Amino acid sequence: MAATPKHEYYETLGVPRTADAEEIRKVYRKLARKYHPDLNPGDKSAEERFRNVQEAYDVLSDSKKRQMYDQFGFYSENGFAGPPPGSQGGQPGQQFDFSGFDFSDFASGAQGAGGGGRRATETGGGFRDIFSQFFGRGQGRQEEPEKGADLEYVMNIDFWQAIRGTQTRVNITRYETCGTCHGTGSSGAGEVSCPQCKGTGHVSQMAGAMRFNLTCPKCGGSGKLRNACPTCGGDGRVSHTEQVEIRIPPGARDGSRLRVPGKGNAGTHGAQPGDLYITTKVEPHAFFHRDGDNIEIKVPVTVWEAALGAKIEVPTIDGRTLLKIPQGTTNGQKFRLREKGVANSRTSVRGDQIVEVSLSAPDPRDERTRKLLAEMAEINKGEDPRAEMWAKV
Ligand SMILES: [Zn+2]
Ligand SMILES: [Zn+2]
């Protein structure tokens, strides 16, 4: 059995287990403001804290999820190793033994069809179905309209795509408003056979190599639905995969989060859809390093270029450019090439390129060079480069 990820939601929010909904909401707002990525650009630990706070709030703010978390010490819709053996729960007559296998295969079924390293976290997938059974929820239909869940995709782009922007299509599997009933879930046709179980009253569900036989969550085992739309079974929405055009603006950073409004899951019974969020993951470049809108690069410089001063060619994201280094340049010295960095995705103002000099020592391979270097050593022999050091030890 794979390890269950440890989630310390109360500790994350810093509230007692007895905290009420209002207290949790207050604390969440405070922490979310404090750790919001927009206020902590480039701060990975703040980003991590922000995610943890979000996750904790997601569970503790929902009474059903919180109940499950309090009871079992975890809550997850997308992938975990199952409740600890011996957990109590479920309905009479329904036995669940989650131990002995993990759900990773099952969870991976929710991955987007986009490929190329894009991953989707589809909330509202198979786990919810299992756990709505587990909790005795879903007996009969849920009539209340509920806003659609947001969808999260991670998109890998390379260094140049991030700088220049890119346009691509991603296959997104999402719930869409049912075309037959236009989201009402109702057919007006009286009793129909339940589409989810095809009238049998039970459904089977795969989890890894295991098959569960469950009471149909849609009709509660009766095999019939009153007045329900035959296409969507009364949910008002159907799952489908569609291509969504994603435009990554020039200057996108690693971890930029792009919102595509209304492209999350449709709400049930005509409620508002959720949004689609695309998080960009930018692959690093061999020489150019990004620091926000600045580009940093280390450039090798010979001793004589550094000593005498020189005009050297350095690579920039626009191609070659000339950099003048003054006489007596030292190793590690940095030079700024103004507006040779990345155009900001919002303001289009370009950052700078910072060139760091990396002195390479000469490797004399011919007699004349060796002689000249020896001569230089002779001329400068009174100079001890470690003098300052000796003065301090
Ligand atoms: Zn329908
Ligand atoms: Zn059914």
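Residues numbered from 1 in each chain as written. Chains lettered and ligands numbered in written order. Predicted model: local features only at pLDDT ≥ 70, side-chain atom pairs only at ≥ 80, totals over all residues. Heavy atoms only, no water.

**Student:** I'd like to hear about the coordination of the zinc ion (ligand 1), residue by residue, with values.
**Tutor:** The zinc ion (ligand 1) binds to the protein through Cys178 (SG), Cys181 (SG), Cys229 (SG) and Cys232 (SG); the donor distances cover 2.2 to 2.3 Å. Positions of the donor residues of the zinc ion (ligand 1) along the chain correspond to the pattern C-x2-C-x47-C-x2-C. (Donors = N, O, S within 2.8 Å, 3.2 Å for Na, K, Ca; no water.)

**Student:** Tell me what's going on with the side chain of arginine 174, and back it up with residues and numbers.
**Tutor:** Mapped onto the elements, arginine 174 comes out in strand S3 (residues 166-177). Within the structure, the side chain of arginine 174 is placed 3.2 Å from the backbone oxygen of lysine 263, a separation counted as a polar contact. Not counting the four nearest positions on each side in its chain, arginine 174 is found in contact with Leu151, Val238, Ser239, His240, Glu242, Gly262, Lys263, Gly264, Asn265 and Ala266. (Helix = DSSP H or I, 4+ residues; strand = E, 2+ residues; numbered from the N terminus. Polar contact = N/O pair within 3.5 Å; in protein donor to acceptor, adjacent residues only side chain to side chain. Contact = heavy atoms within 4.5 Å.)

**Student:** How would you explain a nonpolar patch on the surface if you had to name every residue and give the values?
**Tutor:** Together, Met389, Trp390 and Val393 make up a nonpolar patch on the protein surface, roughly 410 Å² of accessible area in all. Positionally, tryptophan 390 belongs in helix H10 (residues 387-392). (Patch = residues over 30% accessible without salt bridge, like charges linked within 9 Å, V, L, I, M, F, W, Y side chains within 5 Å. Areas by Shrake-Rupley, 256 points an atom, 1.4 Å probe, with all protein chains shown as cover. Salt bridge = Lys/Arg side-chain N within 4 Å of Asp/Glu carboxyl O.)

**Student:** I'd like a rundown of the environment of valine 27, residues and numbers included.
**Tutor:** Looking at where valine 27 falls in the secondary structure, it is placed in helix H2 (residues 21-35). Taking the C-alpha atoms as reference points, valine 27 and tyrosine 57, 30 residues apart in sequence, are found 9.4 Å from one another. Residues within four places of valine 27 in sequence aside, it is in contact with Leu13 and Val15.

**Student:** Outline the packing of H2 against helix H3 (residues 44-60), supporting the account with residue identities and numerical values.
**Tutor:** The geometry of H2 relative to H3 is characterised by a closest axis approach of 9 Å and an angle of 160 degrees between their N-to-C directions. By the angle between their directions, the pair H2 and H3 is classed as roughly antiparallel. For the pair H2 and H3, the crossing hand works out as left-handed. Residues Ile24, Arg25, Tyr28, Leu31, Ala32 and Tyr35 of H2 form the contact with H3, whose participating residues are Ala46, Arg49, Phe50, Val53, Gln54, Tyr57 and Leu60. Here the residues of the contact of H2 with H3 sort into 10 nonpolar, 1 polar and 2 charged. (Axes fitted to C-alpha atoms, helices over the stretch in contact; angles between N-to-C directions. Parallel < 35°, antiparallel > 145°, perpendicular 65-115°, else oblique. Left-handed = near helix turned anticlockwise from the far one by under 90°. Nonpolar A, V, L, I, M, F, W, Y, C, P; charged D, E, K, R; others polar.)

**Student:** Can you break down the packing of aromatic side chains residue by residue, with the values?
**Tutor:** Summed over all chains, the structure comprises 6 aromatic pairs. Taken together, a centroid distance of 4.6 Å and an interplanar angle of 40 degrees make the contact between tyrosine 9 and tyrosine 69 tilted. You can see tyrosine 9 sitting in helix H1 (residues 9-13) and its partner tyrosine 69 sitting in helix H4 (residues 63-72), a full 60 residues away along the chain. Across the pair, exposure class does not vary: tyrosine 9 and tyrosine 69 are buried alike. Seen from their ring centres, tryptophan 160 and phenylalanine 288 are 6.0 Å apart, and the 85 degrees between their planes marks the pair as edge-to-face. Residue tryptophan 160 is found in helix H7 (residues 159-164), and its partner phenylalanine 288 is found in the loop between strand S10 (276-282) and strand S11 (289-291); the two are separated by 128 residues along the sequence. The class of tryptophan 160 is partly exposed, set by a relative accessible area of 27%. Residue classification places phenylalanine 288 among the buried residues on the basis of a relative accessible area of 6%. Here a set of aromatic residues connected by ring pairs shows up, and it is made of Tyr9, Tyr10 and Tyr69. Sitting over the face of the ring of tyrosine 175, arginine 237 holds its NZ or CZ atom 4.1 Å from the ring centroid. (Phe/Tyr/Trp six-rings, centres within 6.5 Å; stacked < 30°, edge-to-face > 60°. Buried < 20%, exposed > 50% of the residue type's maximum accessible area, 1.4 Å probe, protein only. Lys NZ or Arg CZ within 6 Å of the ring centre and 35° of its normal.)

**Student:** Quick rundown of the confidence of the model for the chain? Include the residues and the values.
**Tutor:** Summary statistics for the chain give a mean pLDDT of 80 and a share of 80% for residues scoring 70 or more. In this model residues 78-142 is a low-confidence stretch, pLDDT under 50, and it forms 139 contacts with partners more than four residues away in sequence or in other chains. (pLDDT = per-residue confidence, 0-100.)

**Student:** Can you lay out the nonpolar core for me, pointing to particular residues and giving the numbers?
**Tutor:** Counting residues in hydrophobic clusters, the biggest one holds 22 residues, and the most contacted among them are Leu13, Val15, Ile24, Leu60 and Tyr69. Of all elements in the fold, only H1, H2, H3 and H4 reach the threshold of two or more residues within this core. The greatest single-element share of this core, amounting to 7 residues, is contributed by H3. The contacts of leucine 60, once residues within four sequence positions are left out, are Tyr9, Tyr10, Leu13, Ile24, Arg66 and Tyr69. In terms of nonpolar packing, the next biggest core, distinct from the first, is built from 18 residues, Ile163, Ile317, Ile325 and Val357 among them. (Core = buried A, V, L, I, M, F, W, Y, C linked by side-chain atoms within 4.5 Å.)

**Student:** Any chance you could break down the sheet that holds S11 for me, citing the residues and the numbers?
**Tutor:** If you walk across this open sheet you meet the 4 strands as S11-S12-S16-S15, and the pairing is mixed. Where the open sheet ends on each side, the last strands, each with one partner, are S11 and strand S15 (334-337). With strand direction ignored, the average angle separating the axes of adjacent strands in the sheet is 35 degrees. Pairing between S15 and strand S16 (residues 353-360): 4 bridges, direction antiparallel. Each residue of the ladder has a partner; that of leucine 337, found in S16, is glutamine 353. (Pairing = 2+ DSSP bridges.)

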